[in-house]
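Examination of the molecular architecture
Spelled out from the first residue to the last, the chains are:
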Amino acid sequence: MSERRACKAIGCCRMTMRYRTTQADDTSLRQRMRAIAQERRRFGYRRLHVLLRREGYLINHKKLFRLYREEKLTVRRRGGRKRAIGTRAPMLVPMTPNDRWSLDFVSDQLTDGRRFRILTVVDDCTRECLALVVDTSLSGIRVARELDRLMIERGKPRMVVSDNGSELTSNAILVWADQSRVEWHYIAPGKPMQNAFIESFNGRLRDELLNETLFTSLAQARVTLGSWRADYNDTRPHSQLGWRTRPSSR
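Overview of the structure. Everything numeric here is computed off the predicted structure, so don't read it as measured data. (Residues numbered from 1 in each chain as written. Predicted model: local features only at pLDDT ≥ 70, side-chain atom pairs only at ≥ 80, totals over all residues. Heavy atoms only, no water.)

**Here's the deal with unusual backbone geometry**
Look at N98: it is not a glycine, yet its phi comes out positive at around 65°. On the secondary structure map, N98 appears in the loop between helix 5 (61-70) and strand 1 (100-109). Phi is positive for R127, which is not a glycine, with a value near 65°. Along the chain, R127 falls in the loop between strand 2 (115-123) and strand 3 (129-135). A residue is classified by how much of its surface remains accessible, and R127, at 17% relative accessible area, is buried. (Helix = DSSP H or I, 4+ residues; strand = E, 2+ residues; numbered from the N terminus. Buried < 20%, exposed > 50% of the residue type's maximum accessible area, 1.4 Å probe, protein only.)

**Considerations on the sheet that holds strand 1**
With mixed pairing, the five strands of this open sheet are ordered in space as 3-2-1-4-5. Taken across any chain shown, the strands that pair with only one partner, and hence form the sheet edges, are strand 3 and strand 5 (183-186). If you compare each strand with its neighbour and ignore which way they point, the axes differ by 20° on average. In this structure, strand 1 lies alongside strand 2, joined through nine bridges in antiparallel fashion. Opposite F105, over in strand 2, you have L119 as the bridge partner. Running at roughly 170° to strand 3, helix 9 (residues 218-234) makes contact with strand 2 and strand 3 of the sheet. (Pairing = 2+ DSSP bridges. Axes fitted to C-alpha atoms, helices over the stretch in contact; angles between N-to-C directions. Contact = heavy atoms within 4.5 Å.)

**Points about the packing of aromatic side chains**
According to the stated counting rule, one finds eight aromatic pairs in the structure shown. Taken together, a centroid distance of 6.0 Å and an interplanar angle of 85° make the contact between W176 and W184 edge-to-face. Judged on exposure class, the residue W176 and its partner W184 are both buried. A network of ring pairs unites the aromatic residues Y45, F65 and Y68 as a single cluster. Across from the ring centre of F43, 5.9 Å away, lies the NZ or CZ of R47, which sits over that ring. Residue placement shows R117 over the ring face of F105; its charged tip is 4.3 Å from the ring centre. (Phe/Tyr/Trp six-rings, centres within 6.5 Å; stacked < 30°, edge-to-face > 60°. Lys NZ or Arg CZ within 6 Å of the ring centre and 35° of its normal.)

**Things to note about the pattern of salt bridges**
Between side chains of opposite charge, a pair can form when the charged atoms approach closely. This model, assessed by the stated rule, comprises 22 salt bridges. For R142, the salt bridge is made with D135, and the minimal N-O distance between the two is 2.8 Å. What makes D135 buried here is its relative accessible area of 18%. (Salt bridge = Lys/Arg side-chain N within 4 Å of Asp/Glu carboxyl O.)

Don't take any of this as a statement about function, it's just geometry.
As structure tokens, then:
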């Protein structure tokens, strides 16, 4: 039986029978997307899209989102604490590097139960992570010494913003700020949103690294955090910078 008579018999359009799909083969794209998502487990489809475009994959973000959903790569949102409700004053964004640094502490523990702390320092203009200092104890004297080292490498900041922790309100820090002639601004107690840049960075650090890694020693923690800092500054796309890496601060 001819095609014409067969289609007429079953009530099927001949155009449907002769149709050949023009859909591109996305196997390599899917494989690369899965590989990146496995390596960077807390990256959503937008950052994956930026990284894939850097590697030469030209794809619309809507199609990538469809493939992302089909591969079941959606990042599960972790439960967060309740946020304070009320009027919040917007924080001014510094316009030049070294205009304002923010710093804070993050805690974690090794596999044997010993706890350690991380001093995080961020340039609020470039979003660059200036330092990740790891140790079991970080006193005010140690913080002042690390700030001196950063000033030698990068120059003096106009302002430093921090909370009211005991290390950051110690005599060592007060003397350092006076001798260095750097304005030190303390946020209001219980108002971490006033130090939003470092709080956002700490959230990324915990979500993308600390919650995903088991640390067996301080040496391993220092190496791992150093590698993550280099990747954060030079490779990771930042949404607030138009999905680019940090701008050069030199």
